[in-house]
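Results of the structural survey
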Amino acid sequence: MRLLAILLSGLLVNNFVLVRFLGLCPFLGVSRTPETAWGMSLAVIFVLTLASGLTWGLEAGVLRPLGLGYLRTAAFVLLIAALVQLVEIALQRGSPRLYRALGIYLPLITTNCAVLGSALLNLEQDYGLLEALAGGLSGGAGWALAILLFSGIRRRLEAAEVPRPLRGLPLAFFAAGLMSIAFLGFLGLAAGLVQGRP
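Residues numbered from 1 in each chain as written. Predicted model: local features only at pLDDT ≥ 70, side-chain atom pairs only at ≥ 80, totals over all residues. Heavy atoms only, no water.

Attention now moves to the overall build of the protein. If you tally the helices and strands in the protein, you get nine helices and zero strands. Ordering the α and β elements of the protein from the N terminus gives α-α-α-α-α-α-α-α-α. The C-alpha atoms of the protein give a radius of gyration of 18 Å, which matches the 16 Å a tight globule of 198 residues would have. Dimensions of the protein, computed from C-alpha atoms along their principal axes, come out at roughly 60 × 45 × 30 Å. Per-residue burial for the protein yields a buried fraction of 42% across its 198 residues. Put simply, 80% of the contacts in the protein that link residues at least 6 apart link residues at least 24 apart. Only carbon and sulfur atoms are counted for the fraction: they give 68% of the accessible area of the protein, which is about 10400 Å². Considering the protein, the positive charge centre built from 14 side chains and the negative charge centre built from 8 side chains are found 7 Å apart. (Helix = DSSP H or I, 4+ residues; strand = E, 2+ residues; numbered from the N terminus. Rg over C-alpha atoms; globule rule 2.2 N^0.38 Å. Buried < 20%, exposed > 50% of the residue type's maximum accessible area, 1.4 Å probe, protein only. Contact = heavy atoms within 4.5 Å. Areas by Shrake-Rupley, 256 points an atom, 1.4 Å probe, with all protein chains shown as cover. Lys, Arg positive; Asp, Glu negative; His and termini not counted. Charge placed at Lys NZ, Arg CZ, Asp CG, Glu CD.)

Below, the discussion takes up a nonpolar patch on the surface. There is a patch of nonpolar side chains on the surface, built from F174, L178, I181, L184 and L187 and spanning about 530 Å² of accessible area. Position of F174 relative to the elements: it lies in helix α8 (residues 169-183). Judged by relative accessible area, F174 falls into the exposed class, the value being 53%. (Patch = residues over 30% accessible without salt bridge, like charges linked within 9 Å, V, L, I, M, F, W, Y side chains within 5 Å. Salt bridge = Lys/Arg side-chain N within 4 Å of Asp/Glu carboxyl O.)

Fine structural detail should not be taken from predicted coordinates in areas where pLDDT scores are low. In this model, the protein carries a mean pLDDT of 86, and residues with pLDDT of at least 70 account for 93%. In the model of the protein, helix α9 (residues 189-194) stands out as the element of lowest mean pLDDT, 57, in contrast to helix α7 (residues 129-159), which has the highest, 92. (pLDDT = per-residue confidence, 0-100.)

Glycine aside, residues mostly have negative phi, and peptide bonds are mostly found in the trans state. At F21, a residue that is not glycine, the phi angle is positive and equals roughly 60°. Position of F21 relative to the elements: it lies in the loop between α1 (2-13) and α2 (24-30). We note that D126 has phi near 60°; this positive angle belongs to a residue other than glycine. Along the chain, the position of D126 falls in the loop between α6 (113-124) and α7. The exposed category is assigned to D126, whose relative accessible area is 61%.

To continue, consider the nonpolar core. Ranked by size, the top nonpolar core spans 36 residues in total, and within it F27, I109, W143 and F150 carry the most contacts. Of all the elements in the fold, those that place two or more residues in this core are α2, α3 (34-63), α4 (72-94), α5 (96-102), α6, α7 and α8. In terms of residue count, the dominant contributor to this core is α3 (seven residues). In this structure, L63, A75, F76 and A119 belong to the second largest nonpolar core, which totals five residues. (Core = buried A, V, L, I, M, F, W, Y, C linked by side-chain atoms within 4.5 Å.)

Structural data, given as structure tokens:
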């Protein structure tokens, strides 16, 4: 039941983009088309899940036993950067078209604060390895859900007649704010699951 609560929490209740406001740069930059949103979503899910497991192992196996907790942020950023490089190389070889479409936003996963945030939140919650992996997976899936929904909304907004000053990013920020308010409706869902209520 705890794993289910972690999965639903990362997906809906504590969504990195719409509730915690982490990872906004690639969220706004890549959400113009569903195709690039899908590609970035898969990359973020992969990196977030793997980074959550590896950073948990690094903390539990190296940093904590050796008393090197002060190096946590630097070590996590280096590990995340290495993972993103692997994803970038794989996309460049496996899907050059998607690699070109994602452009500068692919390396920005390294600085996507949702990835580092997930690793640090896993430690704050004192998760075990399985829980950390579930937290990373659900955080990535929540980020993907938000960007995929948002790409559909942005596509509709581009076809709408809006005043010139609101076109582009101003209207995108307004739509993201409304989505964030909508996601507040999920508050209490994960708490209810943990306490055994439907």
